[in-house]
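Fold and geometry: a report
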Amino acid sequence: DFAVNGHEALAQMKKRFYDCVFMDLEMPVMNGQDCAKALRNWEAAIDRSRRQMICAVSSPSAEKEEEAISSGIDFYQSKPAPASALVNTILNFRQQDQPQPAPEDP
């Protein structure tokens, strides 16, 4: 699935639970940060599991990264992103979602 702007992305994410969402910070109508904040607020309001969000930005900076992370985005990547970096990120997210074994008693 894809959306051409942040408003469409938010509507789609409310209708379907995606394992991972790739989002551009510089989308029209509603930018990626506003979309992420709106999604996080909605997830909390309905007690829905938090989905993983990866954002892409064409002109990276420490300030933009901090703003993205504080808006609820989980991973910040400059464009163009190497495919291997995105695959590794997805694998790490999936690994975090796996149930962890109970600690053994001594």
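Going by the structure above, here's the rest.
Reference entry: report on the structure contained in this document. (Residues numbered from 1 in each chain as written. Predicted model: local features only at pLDDT ≥ 70, side-chain atom pairs only at ≥ 80, totals over all residues. Heavy atoms only, no water.)

1. Digging into the overall build of the chain
When its secondary structure is counted, the chain shows four helices and three strands. Shown N-terminal to C-terminal, the secondary structure of the chain runs as helices and strands in the order α-β-α-β-α-β-α. Counting every position in the chain, which comprises 106 residues, the buried fraction comes to 34%. Intrachain contacts of the chain at a sequence separation of at least 6 include 49% that bridge at least 24 residues. (Helix = DSSP H or I, 4+ residues; strand = E, 2+ residues; numbered from the N terminus. Buried < 20%, exposed > 50% of the residue type's maximum accessible area, 1.4 Å probe, protein only. Contact = heavy atoms within 4.5 Å.)

2. Focus: unusual backbone geometry
With a phi close to 65°, Val-29 is a non-glycine residue in the positive phi region. As for its placement among the helices and strands, Val-29 is situated in the loop between strand S1 (20-24) and helix H2 (32-45). Phi angles above zero are rare outside glycine, and Asp-47 is one such case at about 55°.

3. With respect to the sheet that holds strand S3 (residues 75-78)
Spatial ordering of the open sheet is given by S1-S2-S3, a layout of three strands whose pairing is parallel. Since the sheet does not close on itself, it has two edges, and those belong to S1 and S3, each with one partner. On average, each strand axis in the sheet is inclined to that of its neighbour by 25°, with strand direction left out of account. Note that S1 and strand S2 (residues 52-57) share five bridges and pair parallel. (Pairing = 2+ DSSP bridges. Axes fitted to C-alpha atoms, helices over the stretch in contact; angles between N-to-C directions.)

4. Notes on the side chain of Asn-5
Among the structural elements, Asn-5 can be located in the segment before helix H1 (6-15). Relative accessible area serves as the criterion here: at 11%, Asn-5 is assigned to the buried category. Here the side chain of Asn-5 touches Glu-8 through a polar contact of 2.8 Å, landing on its backbone nitrogen. Excluding residues that lie within four positions of it along the chain, Asn-5 makes contacts with Met-27, Pro-28, Val-29 and Met-30. (Polar contact = N/O pair within 3.5 Å; in protein donor to acceptor, adjacent residues only side chain to side chain.)

5. Quick word on the environment of Asp-24
Tracing the sequence through the fold places Asp-24 in strand S1. Using a relative accessible area of 23% as the deciding quantity, one classes Asp-24 as partly exposed. Linking Asp-24 and Ala-56, residues 32 residues apart in sequence, is a C-alpha distance of 4.8 Å. Side-chain polar atoms of Asp-24 contact the backbone nitrogen of Glu-26, separated by 2.8 Å. One polar contact links Asp-24 to Lys-79, side chain to side chain, over a distance of 2.5 Å.

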